[in-house]
Amino acid sequence: MSAKAEMEFAIEVEILGRVRHKNLLGLRGFYAGEDERLIVYDYMPNHSLITHLHGTLAADCLLDWPRRMRIAIGSAEGLCYLHHEANPHIIHRDIKASNVLLDSNFQAKVADFGFAKLIPDGVTHLTTRVKGTLGYLAPEYAMWGKVSESCDVYSFGILLLEIISARKPLEKLPNGVKRDIVQWALPYLQKGDFNHIADPRLKGKFNREQLKNTILIAMKCTDGNPENRPSMLEAVDWLKGISVVEKRKKEIKIVKSSTNNVDENENEDYVVDDDETDNEGYTKRKNKPRLTISESKMRK
């Protein structure tokens, strides 16, 4: 076994032994003997996310819009735990569709910690050898080897666009030029044509406002300037916020349909107050710092 493979095995076992979260793949055991290295995980019957987006199960389209949103939120929560709750904090460095596994309920489990970095308290970034997967790498990491939690945020933004569109993060055009998924999506965003970014296999079965807001979150995460990207705490907050708003709207619709004879004043209890959400539909929470996602900024 090469020294590189030995190091990746040791890192993965160490980190998996440290973390416990519903959206991180759990360690069951490991074996190290002679030239063999084995890691035992929970069985994931629904394989990886990449299998459903680009692989053998893509044609079956088992990922409807609500399921995709749950996978996005679950992946974000797993990353959020690594960045903000694990001690020391952990940068994954290889967030991609093949490293998001799906259990029997299609709950996301972030996996493969072979490239992960432990970040000591007080350290904001490290300069290191570049590792990861083309198409997911943040520009400052790919060019200068500067790795921080923001690099994972960038990779998550790419993953989020991939979940929405089922397009690969990097594609080769007929003229031989490579185009990333952000470059592909940006013209449609600038025209306000959000529906064109959605996976055509969904056949329009998604909430358009939720689609728009999710795309804007992905674009914010993939900002070229790492200082402009949100933290994973904020990304989780935004994603959960638009899901809560959509859930409330559905509940309101159901309640209204079953209370046709209720007095108009009573119906006011079920109306969504526009003041409770910001312009992009994100649920506001008091005493929490928030970033503003502006469509106009995306169009510059």
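Look a little higher up for the structure.
As the structure is a prediction and not an experimental result, all values here were calculated from the model.

## As for the packing of aromatic side chains
Throughout the structure, instances matching the rule amount to 3 aromatic pairs. Both rings, one in tryptophan 65 and one in phenylalanine 206, keep their centres 6.0 Å apart while their planes meet at 55°; by these two values the pair is tilted. Taken together, the residues tryptophan 65 in helix α3 (residues 65–84) and phenylalanine 206 in the loop between α6 (181–191) and α7 (208–221) connect sequence positions 141 residues apart. Taking relative accessible area as the criterion, phenylalanine 206 reaches 12% and is therefore assigned buried. Residue placement shows arginine 67 over the ring face of phenylalanine 106; its charged tip is 3.9 Å from the ring centre.

## Some words on the pairing of strand β1 (residues 27–33)
As defined by bridge partners, β1 adjoins strand β2 (residues 36–41) across 6 bridges and the pair is classed as antiparallel. In the strand pairing of β2, leucine 27 is matched with tyrosine 41. Taking the residues between adjacent antiparallel strands as the criterion, β1 and β2 are bridged by 2 residues, where glutamate 34 takes a positive phi near 50°.

## Details of the pattern of salt bridges
Under the defined criterion, the tally for this structure stands at 11 salt bridges. A salt bridge links arginine 229 to glutamate 140; the shortest N-O distance between them is 2.8 Å. Remark: glutamate 140 occurs in helix α4 (residues 139–144) and arginine 229 occurs in the loop between α7 and α8 (232–257); sequence separation between them is 89 residues. You can call glutamate 140 buried: its relative accessible area is 8%. Note that arginine 201 and aspartate 199 form a salt bridge whose closest N and O atoms lie 3.2 Å from each other. Here arginine 201 falls in the partly exposed class, since its relative accessible area comes to 29%. Residue aspartate 199 is classed as buried on the basis of its relative accessible area, which comes to 3%. Connected through shared salt-bridge partners, Lys22, Glu77 and Lys240 make up one network.

Criteria and thresholds
- Chains are numbered independently. Their residues run from 1 in the order of the written sequence.
- Two thresholds apply to this predicted model, a pLDDT of at least 70 for residue-level local features and 80 or more for giving and counting side-chain atom pairs, whereas whole-chain, interface and lining totals are computed over all residues.
- The side-chain numbers reported here are obtained from all heavy atoms of the structure, hydrogens and water having been left aside.
- Side-chain rings of Phe, Tyr and Trp, where Trp is taken by its six-membered ring, are said to pair if the distance between their centres is within 6.5 Å; with planes under 30 degrees apart they count as stacked, over 60 as edge-to-face, and otherwise as tilted.
- Helix and strand assignments come from DSSP, with helices taken as H or I runs of at least 4 residues and strands as E runs of at least 2, each series counted from the N terminus.
- Think of it in three bands: residues with accessible area under 20% of the maximum for their type are buried, residues over 50% are exposed, and the middle band is partly exposed, with areas taken using a 1.4 Å probe on protein chains only.
- The rule is short: NZ of Lys or CZ of Arg within 6 Å of the ring centre and within 35 degrees of the ring normal puts a charge over the ring.
- Strands are labelled as partners when DSSP assigns at least two bridges between them.
- A pair is scored as a salt bridge if a Lys or Arg side-chain nitrogen falls within 4 Å of a carboxyl oxygen belonging to Asp or Glu.

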